[in-house]
There are 2 protein chains.
Amino acid sequence: MKVTPYEVKGKIDYEKLITKFGVKRLTPKLKRKLGDHHLLRRNIFFAHRDLEKLTDNFFLYTGCGPSGNIHLGHYIVWEFTKWLQDQFGCDVYFQFTDDEKFLYKNMSYDDIQNWTKENMLDVAAVGFNPKKTFFIVNTKHANLMYPEAIKVAKKLTLSTVKSAFGFTNETNIGSYFYTAMQTVPTFLPNILDGGKRQCLIPYAIDQDPHFRLTRDIVPKLGHQKPLSIQCKFLPALQGDGKLSSSVGNAIYLTDSPSQVKKKINKYAFSGGRDTVKEHREKGGNPDIDTSFQWLRYFEASDKVLDDIELKYKSGEMLSGELKLILVNKINSILAEHQKRREKVVLNQFML
Amino acid sequence: MKVTPYEVKGKIDYEKLITKFGVKRLTPKLKRKLGDHHLLRRNIFFAHRDLEKLTDNFFLYTGCGPSGNIHLGHYIVWEFTKWLQDQFGCDVYFQFTDDEKFLYKNMSYDDIQNWTKENMLDVAAVGFNPKKTFFIVNTKHANLMYPEAIKVAKKLTLSTVKSAFGFTNETNIGSYFYTAMQTVPTFLPNILDGGKRQCLIPYAIDQDPHFRLTRDIVPKLGHQKPLSIQCKFLPALQGDGKLSSSVGNAIYLTDSPSQVKKKINKYAFSGGRDTVKEHREKGGNPDIDTSFQWLRYFEASDKVLDDIELKYKSGEMLSGELKLILVNKINSILAEHQKRREKVVLNQFML
């Protein structure tokens, strides 16, 4: 198992990650502090740092690396972040790490810039409050970001960064520097307005190496350590590893209903039996069925989900029927999303 | 002998540096191409890259690392750059590497910013044409600089930078990244105005590692390799190594006449004899006399300099008299400089 922002491979053992990364399990009490959300109830957001210290004076910070279409794995974190914004009425600082993606990927600067614009539309379309949401594009806000990033960078030795991310002597110097840029939004809002707000970062667990460094460094600069809450990856449709565009069967926020249907029917690993007869007799296995697992991420109602589980396990519901439920659920989410995306006025969101 | 932007030590052998760094000697023909300046005549600007390719369509680029008062060693390069601007009527892009100094020195960000402002006054006071001179402050122009710097950084591996500058595993990641920022002004003016001008960089030879990397990288980004011209260091008053603020006996552009007199009288290594009698008989040795060596940098008239040399060698001129000539020369340069400094309007110079 390898989990870094730049590579996720092997079977993910989240219990091991809790120990390895030094995060803590989310307790029922801490979950109640945030409110009632199916991603909390189902332990998809499963870990945290310092959440017990959360006051009512905080902002949220999360981000996106723009190098392609946004898939549903990204959406999960953002939808949850938007929900937190609604719950607490707080500001969201959303960082677009165009520098990171340019430095790390074999893509042109212009392509990255195009994806940045496309991705901004998708983020805005999640439904963030434009009055309380501030997009930071690293290359566009460099006048604010770079002076703070060098203060972070001064505290980070080469060997620290090398081991945190598994970089080599052949890694470019921009990739080494970049983690300093990802630290800055944890304290930038306080620099901009002179406030003392806490920073709470929701993120998928692979981003943890960045924020472990962040928490080491920012107190040395006189800032508070950010609080954080980590989620599990949305599994890939075929059932193994993290959903990722590079695997080729991700579902994108811009996919059409027929594309969604085709991908789910083709790739979603089934927990059903080999024949209808056998399935009716013995029932399906939801634990290994990606369609069911995805519904845990996307179907908010426990009642509906429990009902599906029961019927699938008993053999009353066939694999194809389960897939159709997922197809319809995703397509209804995407239809709403795409409608909102049409109406986005981007400059309302810029820092 | 070690010559990098971050450390100069040992006795400097410029002939060896020509081979080691792969620069070429300035030929009489190339010198004539630039014009008649005593720093060329006396081989203080002594080496170059690609100067034979210089057309009449170029801009000058040089810079300053703001971490203290400006000493006369810096002044030499700038005064020569100003003279080139006058000769050719070309633009000068002047970079203040406040990020570099912050990252490399044990100084606070605010202190570096104060020095940046002070140093800008000194640079402007050299007499650059405000209409054709553009100050770049790395942290203040990061919106222009950082997006280009990451394009450079993407082409530079860790191991390349590590060996070019002699960095270690304990060096901070900002220092590693920084060289990308020093490359950008070699092509930024063309990006800003869509032009195709050549870039000519006058610099003291210790900056060569930056620009060797620059010349490797920028063609890969579709830009022309910069041309360059290198000078020797102004020797330290006590006679060994490079003049440097860290040695403690540098003469600053802001020094008062009495400070200049005190420093030269106290520190300038003399080529005179032990007694007046012996000096009158055998004469002084100008080759090892720092006051005479400094006059080679600051006294533009060959006639005056030859006359001093003759009299000093013959014993007619005593060490104290030679020192006084240097004191007066420096003080007259500084008096003019300080007068101009009072009148500088900085924002006329900002990019």
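Residues numbered from 1 in each chain as written. Chains lettered and ligands numbered in written order. Predicted model: local features only at pLDDT ≥ 70, side-chain atom pairs only at ≥ 80, totals over all residues. Heavy atoms only, no water.

### Some points on the environment of E299 of chain A
Residue and element names in this part refer to chain A. Position of E299 among the secondary structure elements: in the loop between α14 (290–298) and α15 (302–314). Of the residues examined, E299 reaches a relative accessible area of 10% and is grouped as buried. Through-space distance from the C-alpha of E299 to that of K329 is 7.3 Å; in sequence the pair is 30 residues apart. At 2.9 Å, the side chain of E299 and the backbone nitrogen of S301 are in polar contact. (Helix = DSSP H or I, 4+ residues; strand = E, 2+ residues; numbered from the N terminus. Buried < 20%, exposed > 50% of the residue type's maximum accessible area, 1.4 Å probe, protein only. Polar contact = N/O pair within 3.5 Å; in protein donor to acceptor, adjacent residues only side chain to side chain.)

### Brief notes about the pattern of salt bridges
Under the definition given, this model contains 46 salt bridges over all chains. Across the salt bridge formed by D36 of chain B and R41 of chain B, the nearest N and O atoms sit 3.0 Å from each other. Note that E309 of chain B is salt-bridged to K313 of chain B, the shortest N-O span being 3.9 Å. Placement of both E309 of chain B and K313 of chain B in helix α15 (residues 302–314) is noted, with a separation of 4 residues, approximately one turn of the helix. Residue E309 of chain B is classed as partly exposed on the basis of its relative accessible area, which comes to 22%. With relative accessibility at 46%, the residue K313 of chain B sits in the partly exposed group. Residues joined in a network through salt bridges with shared partners are D36, R41, R42 and D302 of chain A. (Salt bridge = Lys/Arg side-chain N within 4 Å of Asp/Glu carboxyl O.)

### Structural notes on the relation of the copies chain B and chain A
Laying chain B over chain A is done by rotating through 180 degrees and shifting 0.0 Å along the axis; what remains is an RMSD of 0.0 Å. Those values place the two copies in the arrangement expected of a two-fold rotation axis. The residues that chain B uses at the interface reappear at the interface of chain A in 100% of cases, marking a shared surface. (Least-squares fit on C-alpha atoms with pLDDT ≥ 70 in both. Contact = heavy atoms within 4.5 Å.)

### Comments concerning the interface of chain B and chain A
Contact residues are listed per partner, giving 36 residues for chain B and 36 residues for chain A. With both chains or domains summed, chain B and chain A bury close to 3,000 Å², and 68% of this area falls on carbon and sulfur atoms. On the chain B side of the interface with chain A, the three residues burying the most area are Y146, K154 and I173 of chain B, jointly 26% of the side's total. In this structure, the connection of chain B to chain A is made through 0 salt bridges. Across the contact surface, chain B and chain A share 20 residue pairs in polar contact (both at pLDDT 80 or more). Among the elements that make up the side of chain B that touches chain A, the one with the highest residue count is helix α7 (residues 142–153) of chain B (7 residues). (Buried area = accessible area lost by both parts, 1.4 Å probe.)

### Description of the packing of aromatic side chains
By the definition in use, this model includes 51 aromatic pairs over all chains. Taking the centre distance of 5.4 Å and the plane angle of 75 degrees together, the rings of F59 of chain A and Y93 of chain A count as edge-to-face. You can see F59 of chain A sitting in strand β5 (residues 58–64) and its partner Y93 of chain A sitting in strand β6 (residues 92–96), a full 34 residues away along the chain. Y93 of chain A gets classed as buried once you look at its relative accessible area, which sits at 6%. Their ring planes at 90 degrees and their centres at 5.9 Å tell us that Y61 of chain B and F211 of chain B sit as a pair that is edge-to-face. Taken together, the residues span a long stretch of sequence, with Y61 of chain B in strand β5 (residues 58–64) and F211 of chain B in helix α11 (residues 208–217) at a distance of 150 residues. In this structure, Y61 of chain B and F211 of chain B share a single accessibility class: buried. One aromatic cluster is present, formed by W78, F94, F96, F128, F135 and F349 of chain A through successive ring pairs. Its end group placed over the ring of Y109 of chain A, K151 of chain B keeps NZ or CZ at 4.2 Å from the ring centre. The ring of F102 of chain A has K154 of chain B lying over it, and the distance from NZ or CZ to the ring centre is 4.1 Å. (Phe/Tyr/Trp six-rings, centres within 6.5 Å; stacked < 30°, edge-to-face > 60°. Lys NZ or Arg CZ within 6 Å of the ring centre and 35° of its normal.)

### Some remarks on the nonpolar core
Ranked by internal contacts, the top residues of the largest apolar core, which has 78 residues, are Y146, V161 and F177 of chain A together with Y146, V161 and F177 of chain B. Ignoring anything within four residues of it in the chain, the contact list for V161 of chain B reads I173 of chain A together with L156, F167, Y176, T179 and L213 of chain B. (Core = buried A, V, L, I, M, F, W, Y, C linked by side-chain atoms within 4.5 Å.)

### As for a nonpolar patch on the surface
Where nonpolar side chains cluster on the molecular surface, the patch consists of L144, L192 and L351 of chain B and spans about 200 Å² of accessible area. With respect to the helices and strands, L144 of chain B occurs in helix α7. (Patch = residues over 30% accessible without salt bridge, like charges linked within 9 Å, V, L, I, M, F, W, Y side chains within 5 Å. Areas by Shrake-Rupley, 256 points an atom, 1.4 Å probe, with all protein chains shown as cover.)

### Some remarks on the sheet that holds strand β4 (residues 45–49) of chain A
All names here are of chain A. Taken in spatial order, the 7 strands line up as β3-β4-β9-β8-β5-β6-β7 in an open sheet, and their pairing is mixed. Each end of this open sheet is capped by a strand with a single partner; those strands are β3 (24–25) and β7 (133–137). Pairing between β3 and β4: 2 bridges, direction antiparallel. Looking at the pairing, R25 lines up with A47 of β4. Across the sheet, helix α4 (residues 72–88) lies against β4, β5, β6, β7, β8 (198–204) and β9 (227–231), angled at about 165 degrees from β5, the strand it touches most. (Pairing = 2+ DSSP bridges. Axes fitted to C-alpha atoms, helices over the stretch in contact; angles between N-to-C directions.)

### Some points on empty space enclosed by the protein
Residue and element names in this part refer to chain A. Considering all chains together, one arrives at 1 cavity of 30 Å³ or more under this definition. Looking at the largest cavity, the residues that line it are T186, F187, N190, R197, C199, H223, Q224, K225 and P226. Here the lining of the largest cavity is built from residues that sort into 3 nonpolar, 4 polar and 2 charged. (1 Å grid on protein atoms, 1.4 Å probe; cavity = no way out; pocket = protein on both sides within 12 Å on 5 of 7 lines; lining within 4 Å. Points joined across faces, edges and corners; volume = space filled by probe spheres on them. Nonpolar A, V, L, I, M, F, W, Y, C, P; charged D, E, K, R; others polar.)

### Notes on the packing of helix α14 (residues 290–298) of chain B against α15 of chain B
The angle between the axes and the distance between the axes are what describe a pair of packed helices. Residue and element names in this part refer to chain B. The contact between α14 and α15 brings their axes to 10 Å, and the two run at 170 degrees. Comparing the axis directions of α14 and α15 gives the class roughly antiparallel. From α14, F292, L295 and R296 reach across to α15, where they touch L305, I308 and E309. In terms of residue class, the contact of α14 with α15 is made up of 4 nonpolar, no polar and 2 charged. (Parallel < 35°, antiparallel > 145°, perpendicular 65-115°, else oblique.)

### Re the state of the cysteines
Residues and elements named next belong to chain B. Under the criterion given, the structure shown has 0 disulfides over all chains. You can see C231 has no disulfide; the closest cysteine sulfur is in C64, sitting 14 Å from it. The class of C231 is buried, set by a relative accessible area of 1%. (Disulfide = S-S within 2.5 Å.)

### Thoughts on the sheet that holds β5 of chain B
Residue and element names in this part refer to chain B. Read from one edge to the other, the open sheet built from 7 strands follows the order β3-β4-β9-β8-β5-β6-β7, with strand pairing classed as mixed. Either end of the sheet is taken by a strand with one partner, and the two such strands are β3 (24–25) and β7 (133–137). On top of the sheet, helix α4 (residues 72–88) reaches β4 (45–49), β5, β6 (92–96), β7, β8 (198–204) and β9 (227–231); it is set at about 165 degrees to β5, its chief contact.

### Details of the domain arrangement of chain A
Residues and elements named next belong to chain A. Structurally, chain A comprises domain 1 (2–236) and domain 2 (255–339). Computed over C-alpha atoms only, the centres of domain 1 and domain 2 are separated by 30 Å. Contacts between domain 1 and domain 2 engage 16 residues on the former and 16 residues on the latter. On the domain 1 side of the interface with domain 2, the three residues burying the most area are R42, L72 and L234, jointly 41% of the side's total. Inspection of the region where domain 1 meets domain 2 yields 2 salt bridges. Its salt-bridge partner being D302, residue R42 comes within 2.7 Å of it at the nearest N-O pair. Linking domain 1 with domain 2 are 10 residue pairs in polar contact (both at pLDDT 80 or more). (Domains from an automatic or database assignment.)

### A short note on helix α9 (residues 173–183) of chain A
Here α9 of chain A lies mainly inside the structure; 11 of its 11 residues are buried. Two or three places before G174 of chain A, at the opening of α9 of chain A, N172 of chain A has a side-chain oxygen 3.0 Å from that residue's backbone nitrogen.

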